[in-house]
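Results of the structural survey
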Amino acid sequence: MISRELLYKRALRSLSCSDQTPQGLYCKLISDKSVDHQLAKEVIKQLHREGFIDERRYYLNLIEEGKRKLWGKRRFESELKKRRFNEKYLAAFKAEEIDWAEMAAELIRGEEDGAKAYRRLISKGYDTATAAQAVSSCFSEG
């Protein structure tokens, strides 16, 4: 079995590479079969108390990153689930007032082919209705 000190160092090393949710870090730590589940939970609580894990800060940073990268709603939801955010953050995201149509239009600005623009929007996580609306508005203006 792995010692508390070594597990703490592993967790810190993981957090130094990227922010993580408590659940995401827990899954990462227990992927090593020699790690005691209860010890992993205790280390995560300690890291949270010490300010190394801040799920709210991580959530806000991820939302800003997604807006910069012009992710669609489906991509945002996928990233939140993949990174194991708890339900309150998934609910908070659904309450966010994001202008998906404006973000979609910004993403395809400058595209010359409507079909290519539509595929790009779908690949970035926009739903079909928002993608079709953005393509229609961008290509009817010209």
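Counting of residues starts from 1 at the beginning of each chain's written sequence and follows it residue by residue. Local features are withheld for residues below a pLDDT of 70 in this predicted model, meaning they are given only at 70 or higher, and side-chain atom pairs are given and counted only at 80 or more; totals for whole chains, interfaces and linings count all residues. Side-chain measures here rest on the full set of heavy atoms in the structure, leaving out hydrogens and waters.

Looking now at the packing of aromatic side chains. Geometry of aromatic contacts follows a simple scheme: Phe, Tyr and Trp rings, the Trp one being its six-membered ring, pair when their centres are within 6.5 Å, and the pair is stacked under 30 degrees between planes, edge-to-face over 60, tilted otherwise. Using the criterion set out here, one finds eight aromatic pairs in the structure. With a centroid separation of 6.2 Å and an interplanar angle of 65°, the aromatic rings of Phe93 and Trp100 are classed as edge-to-face. Given a relative accessible area of 3%, Phe93 falls into the buried group. Grouped by ring-pair contacts, the aromatic residues Tyr58, Tyr59, Phe85 and Tyr89 constitute a single cluster. Per-residue accessibility, obtained with a 1.4 Å probe over protein chains only, is compared with the maximum for each type, and a residue is labelled buried under 20%, exposed over 50%, and partly exposed between these values.

Attention shifts here to the environment of Leu70. Think of it this way: any DSSP run of H or I at least four residues long counts as a helix, any run of E at least two long counts as a strand, and we number them from the N terminus. With respect to the helices and strands, Leu70 occurs in the loop between α4 (55-68) and α5 (73-82). With a relative accessible area of 11%, Leu70 lands in the buried category. C-alpha of Leu70 to C-alpha of Gln20: the two residues are 50 residues apart in sequence and 22 Å apart in space. Apart from the residues lying within four places of it in its own chain, the contact partners of Leu70 are Met103, Glu106, Leu107, Lys124 and Tyr126. Here a residue-residue contact requires only that any non-hydrogen atoms of the pair lie within 4.5 Å.

The next point concerns helix α2 (residues 22-30). Along α2, the positions that sit buried rather than exposed are Gly24, Leu25, Tyr26, Leu29 and Ile30. Those residues of α2 that are buried are in contact with α1 (4-17) and α3 (37-49).

The next point concerns the pattern of salt bridges. Think of a salt bridge as a Lys or Arg side-chain nitrogen and an Asp or Glu carboxyl oxygen that are within 4 Å of each other. All chains considered together, the criterion is met by 11 salt bridges. Taking the shortest distance from any N to any O, the salt bridge between Glu5 and Lys9 comes out at 3.4 Å. A residue pair is termed a helical-turn pair when its members lie 3 or 4 positions apart in one helix, as Glu5 and Lys9 do in helix α1 at four residues. Overall, the relative accessible area of 55% leaves Glu5 in the exposed class. The exposure class assigned to Lys9 is partly exposed, which follows from its relative accessible area of 44%. A salt bridge links Glu64 to Lys67, with the nearest nitrogen and oxygen atoms 4.0 Å apart. Taken together, the residues Glu64 and Lys67, both in helix α4 and three residues apart, mark about one turn of the helix. Classification of Glu64 as partly exposed rests on a relative accessible area of 43%. On the accessibility criterion, Lys67 (29% relative accessible area) is partly exposed. Among the ionic contacts, a cluster of salt bridges with common partners joins Arg75, Glu79, Lys82 and Arg83.

Take it as geometry only, folks, not as evidence of what the structure does.
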